[in-house]
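Residue-level structure breakdown
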Amino acid sequence: MAMLRRQKDTDAAQRKKTGRPIFRTIFNAMMLVMLVEVVLLAVSIAITNVDGRLNQNAKDMLNMQVRNRVSYVQDLMQDAQNLTDLSEHINNTVLAMQEEGQLDLAELNTSREKSDALLTAIAPELVSTLRAKPVSGIFVVLNTVNLHNLDVGCGLPGIYLRDLDPDARPSENNSDLFIERGSASVVKKLGITTDKSWQPVLRYQGLQGNGFFKTPFQEAYEDKARLDDDDYGRWTTSVYKMVEDDRKMVEDDRTAMAYSQPLILPDGTVYGVVGVEILTSYLQEKLPYTELRNDNDGSYFLVSTENDVKASSITVSKSVTSSEDVFALESPAAMLNLSQENGEYSMTLRRTEYYVVQRPINLYNRNAPFSHEQWLLLGAVRKKTLFSFTAKVISLLRIAMLVTLVLGALSSLLVPRTIAHPAELLYREVIAAQEAKKSPELSRTGIRELDRFAEAFTSLNTQLLNNSTKFLRIMDM
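The notes below deal with the structure included here.

The rules behind the values
- Residues numbered from 1 in each chain as written.
- Predicted model: local features only at pLDDT ≥ 70, side-chain atom pairs only at ≥ 80, totals over all residues.
- Heavy atoms only, no water.
- Helix = DSSP H or I, 4+ residues; strand = E, 2+ residues; numbered from the N terminus.
- Buried < 20%, exposed > 50% of the residue type's maximum accessible area, 1.4 Å probe, protein only.
- Contact = heavy atoms within 4.5 Å.
- Areas by Shrake-Rupley, 256 points an atom, 1.4 Å probe, with all protein chains shown as cover.
- Salt bridge = Lys/Arg side-chain N within 4 Å of Asp/Glu carboxyl O.
- Pairing = 2+ DSSP bridges.
- Axes fitted to C-alpha atoms, helices over the stretch in contact; angles between N-to-C directions.
- Polar contact = N/O pair within 3.5 Å; in protein donor to acceptor, adjacent residues only side chain to side chain.
- Phe/Tyr/Trp six-rings, centres within 6.5 Å; stacked < 30°, edge-to-face > 60°.
- Expected span 1.5 Å × (residues − 1).
- Patch = residues over 30% accessible without salt bridge, like charges linked within 9 Å, V, L, I, M, F, W, Y side chains within 5 Å.

Overview of the overall build of the chain
Looking only at helices and strands, the chain features twelve helices and 15 strands. Relative to its full complement of 477 residues, the chain shows a buried share of 42%. Restricting the contact set of the chain to residue pairs at least 6 apart, pairs at least 24 apart contribute 63%. With the model as given, the accessible surface of the chain reaches about 26800 Å², and the carbon-plus-sulfur share is 53%.

Listed below in structure tokens is the structure:
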């Protein structure tokens with residue numbers, strides 16, 4: 001009998017040692033379920049490539065904006081450089097004046113009277129062209145000799161008209177126009193106000209200046225005008241000012257870029273250039289950087305390059321910048337270095353990384369002398385800003401996963417505790433009754449199954465006790 005009792009005690013101790021508490025059982029199950037959910041969430045995020053898709057969406061939106069804008073800028077510049085009608089009108093005027101004996105091209109550089117007569121005759125057509133095109137200025141420079149043979153500082157006859165607000169309704173008496181260059185007699189005959197930087201002639205500045213008329217003229221002159229006049233046309237790759245001598249003239253901060261082409265008679269005589277000007281401020285209005293980003297953190301660059309745009313590294317020259325970004329606005333004539341990888345472009349300004357979208361602007365014929373000067377429109381946004389939404393979403397997902405882990409751990413602690421505590425209470429009451437060798441009085445837990453189990457256990461214990469008592473009485477009898 002003693003051995004049987006010791007065996008029962010040993011079995012009970014072994015069960016107590018090897019058995020699992022209800023709290024641990026429920027806690028482990030809930031933690032496993034929570035971990036599976038978190039892993040599934042992480043795997044689904046990785047498989048669906050949420051960050052990559054969001055980044056690509058931001059890139060696509062920037063690409064779309066730049067693509068739409070470059071079409072507008074290309075149309076504007078192509079419309080501005082279409083000077084065929086004006087060039088033909090000037091040529092016809094020259095030929096008519098030659099037939100009437102009013103003009104001798106050999107005297108254009110030396111006779112102020114002859115050049116003024118030609119400029120006065122073509123001025124109305126210049127004004128009409130200026131009104132009809134999206135430009136802020138128009139000019140004609142007359143010259144029949146090799147520019148390399150001219151002395152630096154000598155004057156060239158010409159006329160330069162400017163409209164500071166091309167989009168405004170034109171006035172009937174041309175009061176909204178200014179004459180930047182033109183002789184006093186031409187100014188008097190036209191009745192147009194002179195600008196603050198007015199001079200009667202255009203000063204030749206040698207090899208370093210006058211790019212807006214020198215380069216196209218010299219190219220046609222040295223090439224013997226073998227091509228059409230518009231094939232020699234060229235946009236200035238850097239902006240310029242009409243101020244030619246800061247020591248003698250009032251400073252003018254109005255920068256511009258220009259397109260010009262040589263004036264060529266049917267016999268191949270090159271006698272000057274005709275061109276149009278677009279103010280930098282006007283182009284900036286046509287490049288609204290706010291459309292790139294809602295927080296005004298985008299930048300437009302109108303640039304030119306002679307590099308292969310498909311190369312891994314491209315150096316471009318800024319002409320016009322439209323931005324509020326101080327890094328982008330620095331050094332208007334600076335060079336930008338673009339890096340290309342897998343068809344995507346980037347650049348670094350002041351150690352800040354920018355994502356860049358570039359689109360070509362087609363302005364020249366393939367066989368034109370300046371076709372190697374490729375024009376591009378760049379749309380640039382700081383990478384940190386462009387991908388900021390993606391970063392926020394990924395941060396929120398990480399926070400959500402962390403919160404899920406924390407809440408899951410707390411729930412895994414509280415729920416098993418709530419369920420295990422009543423069962424543990426019943427267990428302790430039974431152990432206490434067993435040690436006191438009396439019938440247990442079990443508390444109500446509020447859990448239906450446990451309360452029914454306790455009632456059944458108490459009832460069974462009472463029946464056993466009654467049966468035991470009856471048996472003892474029988475034995476005593």
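Resuming the write-up.
A closer look at the pattern of salt bridges
As enumerated under the stated definition, the model contains 14 salt bridges in all. When the shortest N-O distance is used, the salt bridge between Asp 79 and Lys 133 registers 3.6 Å. Placement of the pair is Asp 79 in helix 3 (residues 50-81) and Lys 133 in the loop between helix 5 (112-132) and strand 1 (137-142), with a sequence separation of 54 residues. What you see here is one network of salt bridges that share partners, running through Arg 162, Glu 180, Asp 195, Arg 254 and Glu 277.

Thoughts on helix 7 (residues 214-222)
Regarding helix 7, the residues found buried are Lys 214, Pro 216, Phe 217, Gln 218 and Ala 220. Where the residues of helix 7 are buried, they touch strand 7 (234-235), strand 8 (256-264) and strand 9 (270-279).

Section: the sheet that holds strand 9
Strand order in the open sheet formed by seven strands is 5-4-3-1-9-8-7, with mixed pairing between adjacent strands. Looking at strand neighbours, the two that pair on one side only are strand 5 (194-199) and strand 7, the edges of this open sheet. Relative to strand 9, helix 4 (residues 84-99) is tilted by about 145°, and along the sheet it contacts strand 1, strand 8 and strand 9. In the packing of helix 5 onto the sheet, the strands contacted are strand 1, strand 3 (158-163) and strand 4 (177-181), and the crossing angle to strand 1 comes to about 155°.

What about the side chain of Glu 180?
Within the secondary structure, Glu 180 sits in strand 4. Under the relative-accessibility criterion, Glu 180 is labelled buried at 0%. Polar contacts involving the side chain of Glu 180 include one to the side chain of Arg 162, which spans 3.3 Å. When near neighbours in sequence (up to four residues on either side) are disregarded, Glu 180 contacts Tyr 160, Arg 162, Asp 195, Ser 197, Trp 198, Gln 199, Met 242 and Arg 254.

Quick look at the packing of aromatic side chains
Taken as a whole, this structure holds eight aromatic pairs when the rule is applied. Seen from their ring centres, Phe 139 and Tyr 160 are 5.2 Å apart, and the 15° between their planes marks the pair as stacked. In this pair, Phe 139 is assigned in strand 1 and Tyr 160 in strand 3, connecting sequence segments 21 residues apart. Geometrically, the ring pair formed by Phe 217 and Tyr 221 is stacked, given 5.7 Å between the ring centres and 20° between the ring planes. A residue pair is termed a helical-turn pair when its members lie 3 or 4 positions apart in one helix, as Phe 217 and Tyr 221 do in helix 7 at four residues. Note on Phe 217: relative accessible area 2%, which makes it buried.

Points about helix 4
The end-to-end C-alpha separation of helix 4 is 22 Å, in line with the 22 Å expected for 16 residues at 1.5 Å each. As for helix 4, its buried residues are in contact with helix 5, strand 1, strand 8 and strand 9. Positive backbone phi, approximately 75°, marks Gly 101, located one or two places after helix 4.

Description of unusual backbone geometry
Phi at Ala 225 is positive, roughly 55°, even though this residue is not glycine. Inspection of the secondary structure assignment puts Ala 225 in the loop between helix 7 and strand 7. A positive phi angle is found at Arg 351, which is not glycine, with a value near 65°. Along the chain, Arg 351 falls in the loop between strand 13 (344-349) and strand 14 (352-361).

Structural notes on a nonpolar patch on the surface
Taken together, the side chains of Leu 35, Leu 396, Ile 399, Leu 402, Val 403, Leu 405, Val 406, Leu 407, Leu 410, Leu 413 and Leu 414 present a nonpolar region at the surface, about 1000 Å² in accessible area. The element contributing the most residues to the nonpolar patch is helix 11 (residues 388-436), with ten residues. Position of Leu 396 among the secondary structure elements: in helix 11.

Thoughts on the environment of Ser 87
For Ser 87, the position within the fold is in helix 4. The class of Ser 87 is buried, set by a relative accessible area of 1%. As a C-alpha pair, Ser 87 and Val 274 span 187 residues in sequence and 7.2 Å in three-dimensional space. Apart from residues no more than four positions distant in its own chain, Ser 87 is found in contact with Asp 229, Gln 261 and Leu 263.

Concerning the side chain of Ser 183
Its place among the elements puts Ser 183 in the loop between strand 4 and helix 6 (184-190). Excluding anything up to four places from it in sequence, Ser 183 contacts Arg 112, Asp 116, Trp 198 and Pro 200.

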